[in-house]
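Report on the structure
For reference, the chains in residue letters:
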Amino acid sequence: MSDHRIPPGQRHVTDFPVLDLGIHPDIHHENWQLRLFGLVTQEVVLDWEQLLAMPQVQRTSDFHCVTTWTRLDVPWEGVLAREVVNLAGPLAEARHVTLHSYDGYTTNVPLAALLDDDVLVAHTVDDAPLSVEHGGPVRLVLPKRYAWKSAKWLSSIEFHAEDRPGYWEVRGYHNEADPWKEERYS
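Because the structure is predicted, anything quoted here is derived from the model rather than measured. (Residues numbered from 1 in each chain as written. Predicted model: local features only at pLDDT ≥ 70, side-chain atom pairs only at ≥ 80, totals over all residues. Heavy atoms only, no water.)

Concerning the overall build of the chain
Note the following rule: Strands are runs of DSSP state E lasting at least 2 residues, helices are runs of H or I lasting at least 4, and numbering of each runs from the N terminus. As a reference, a globule follows 2.2 Å times the number of residues to the power 0.38, and the radius of gyration itself is taken over C-alpha atoms. Classification of residues uses two cut-offs on accessible area relative to the type maximum, computed with a 1.4 Å probe and protein chains only: under 20% is buried, over 50% is exposed, and between them is partly exposed. Surface exposure here means Shrake-Rupley accessible area, sampled with a 1.4 Å probe, where a residue is shielded only by the protein chains that are shown.
If you tally the helices and strands in the chain, you get three helices and 11 strands. Going from N to C terminus, the chain has its helices and strands arranged as β-β-β-α-β-β-α-β-β-α-β-β-β-β. Over its C-alpha atoms the chain spans a radius of gyration of 16 Å, differing by no more than 12% from the 16 Å that the globule rule assigns to 186 residues. Once the C-alpha set of the chain is aligned to its principal axes, its extents read approximately 45 × 35 × 30 Å. Within the chain, the fraction of its 186 residues that count as buried is 52%. Accessible surface, the chain: about 8,500 Å² in total, of which carbon and sulfur atoms supply 51%.

Observations concerning the sheet that holds strand β6 (residues 96-101)
Note the following rule: When DSSP finds two or more bridges between a pair of strands, those strands are recorded as paired. Between N-to-C directions, angles cover 0 to 180 degrees, with each direction set by a line fitted to C-alpha atoms, over the stretch in contact for helices.
Pairing within the open sheet is mixed, and its five strands lie in the order β3-β2-β11-β6-β7. Two strands lie at the open edges of the sheet, namely β3 (44-47) and β7 (106-110), each paired on one side alone. Averaged over all adjacent pairs, the angle separating strand axes in this sheet is 15°, with direction ignored.

Details of the pattern of salt bridges
Put simply, the test is: Salt-bridge detection follows one rule: a side-chain nitrogen of Lys or Arg within 4 Å of a carboxyl oxygen of Asp or Glu.
Applying the stated criterion to the full structure yields 12 salt bridges. Across the pair Asp-126 and Arg-71 runs a salt bridge, and its minimum N-O distance is 2.8 Å. Within this pair, whereas Asp-126 is found in the loop between β8 (120-125) and β9 (128-129), its partner Arg-71 is found in strand β5 (residues 69-80), the two being separated by 55 residues in sequence. On the basis of relative accessible area, Asp-126 is assigned to the partly exposed category, the value being 34%. For Lys-149, the salt bridge identified is with Glu-169, shortest N-O distance 2.8 Å. Here the residue Lys-149 occupies a position in the loop between β10 (139-141) and β11 (154-160), and Glu-169 occupies one in the segment after β11, the gap between them amounting to 20 residues.

Things to note about the side chain of His-160
So the rule is basically this: Nitrogen and oxygen atoms within 3.5 Å of one another constitute a polar contact, given that in protein one can donate a hydrogen and the other can accept it, and given that sequence-neighbouring residues count only through two side-chain atoms. Contacts are residue-level and defined by heavy atoms, with any inter-residue pair within 4.5 Å sufficient.
Locating His-160 in the fold gives a position in strand β11. Engagement of the side chain of His-160 in a polar contact is seen with the side chain of Thr-98, the distance being 2.7 Å. For His-160, the residues in contact, after removing those within four places along its chain, are Leu-39, Glu-93, Ala-94, Arg-95, His-96, Val-97 and Thr-98.

Structure below.
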């Protein structure tokens, strides 16, 4: 399939491959929480009910994995990440975030990347709750970056002034992860 939405070096898939560190944390709606901390005006902890009480949005986006597959038109539902970020009130010096997952995984992005209108704290994909394999109950979806930046099993967002490379970044993956520039490895 030839499509202008498929970045260089990628191939189109219609399934939804599963890639992770091999650890599937025992997190469910009842015990899931999202903590926002670090350089913020107030630390915030959201539980499942509080997340669902926030304005819900649906976004359809393309999903690009560093392992060279792209799935087009993936329907997600959740809360805009910028709405979640605004609850904590990042301080002026907060320029970067570390996304922490319940399996111990971390990844880093500039704070500005979370504020795009297509970035979600997602709980639904393909009109169904996120499965454990795809990061349920909650994951981040950051469509403009390779999928390793879309942290599964999202547990916290840490705000800081300096950039702090995460799990894959310290192992040689590119810090920015732009699929259109093929920023796979540093």
